[in-house]
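Fold and geometry: a report
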Amino acid sequence: MPHLSQTMAEAYKNIPKLDSQTLANSKYYRGGFESKMTRREASLILDVSPSANKTKVKQQFKKIMSVNHPDRGGSPYIAAKINEAKDLLEK
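What counts and how
Every residue gets a number counted from 1 within its own chain, in the order that chain's sequence is written. Two thresholds apply to this predicted model, a pLDDT of at least 70 for residue-level local features and 80 or more for giving and counting side-chain atom pairs, whereas whole-chain, interface and lining totals are computed over all residues. Water and hydrogen atoms play no part in the side-chain values, which are based on all heavy atoms of the structure. UniProt positions are given in the numbering used here, feature names are shortened, and annotations may be inferred rather than shown by experiment. Numbering goes from the N terminus for both helices and strands, where a helix is a DSSP run of H or I of at least four residues and a strand is a run of E of at least two. Residue count minus one, scaled by 1.5 Å, sets the expected span of a helix. Buried residues are those whose accessible area, probed at 1.4 Å on protein chains only, stays under 20% of the maximum for their type, while exposed residues exceed 50% and partly exposed ones sit between those limits. Working definition: the arc comes from the directions between the helix axis and the C-beta atoms, pointing outward to the latter. Working rule for contacts: check all heavy atoms of both residues, and any pair within 4.5 Å makes them a contact. Throughout this description, a polar contact denotes any pair of N or O atoms lying within 3.5 Å of each other; where both atoms belong to protein, one of them has to be capable of donating a hydrogen while the other can accept it, and for residues adjacent in sequence the pair is counted only when both atoms sit in side chains.

You'll find the protein entered in an unreviewed UniProt entry as Mitochondrial import inner membrane translocase subunit TIM14, with Habropoda laboriosa given as the organism. Here the protein is described in UniProt, under the heading Function (unreviewed entry), as follows: "Probable component of the PAM complex, a complex required for the translocation of transit peptide-containing proteins from the inner membrane into the mitochondrial matrix in an ATP-dependent manner. May act as a co-chaperone that stimulate the ATP-dependent activity." Quoted straight from UniProt, the Subcellular location (unreviewed entry) entry for the protein says "Mitochondrion inner membrane".

Now the structure itself:
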């Protein structure tokens, strides 16, 4: 057992550390939803530009909704936000 404890301590020391710079360069949006959805937030949800045309919005909506649909194990809340984003960008 003492050998295992020493091996575990050494392994823990060798785990790479995540610093704030690494997290700042992440390509994923880190933050919750805003109280009222904006075009910026909707475009982040659907991964399109805020000025994207309806065709692009519809394509991205289908792609993202197919993965996040509640019938396929997705969250109903996330699905509602995806629908809200599509509706906002199609206006």
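Here the focus is helix 5 (residues 76–90). Over its 15 residues, helix 5 runs 21 Å from end to end, which matches the ideal 21 Å to within 8%, given 1.5 Å per residue. Among the residues of helix 5, those classed as buried are A79, K81, I82, A85, K86 and L89. Considered in projection along helix 5, the buried side chains sweep an arc of 160° and stay on one side of the axis. The inward-facing, buried residues of helix 5 contact helix 3 (39–46) and helix 4 (54–68). Capping the start of helix 5, S75 holds a side-chain oxygen 3.2 Å from the backbone nitrogen of Y77, two or three residues further along.

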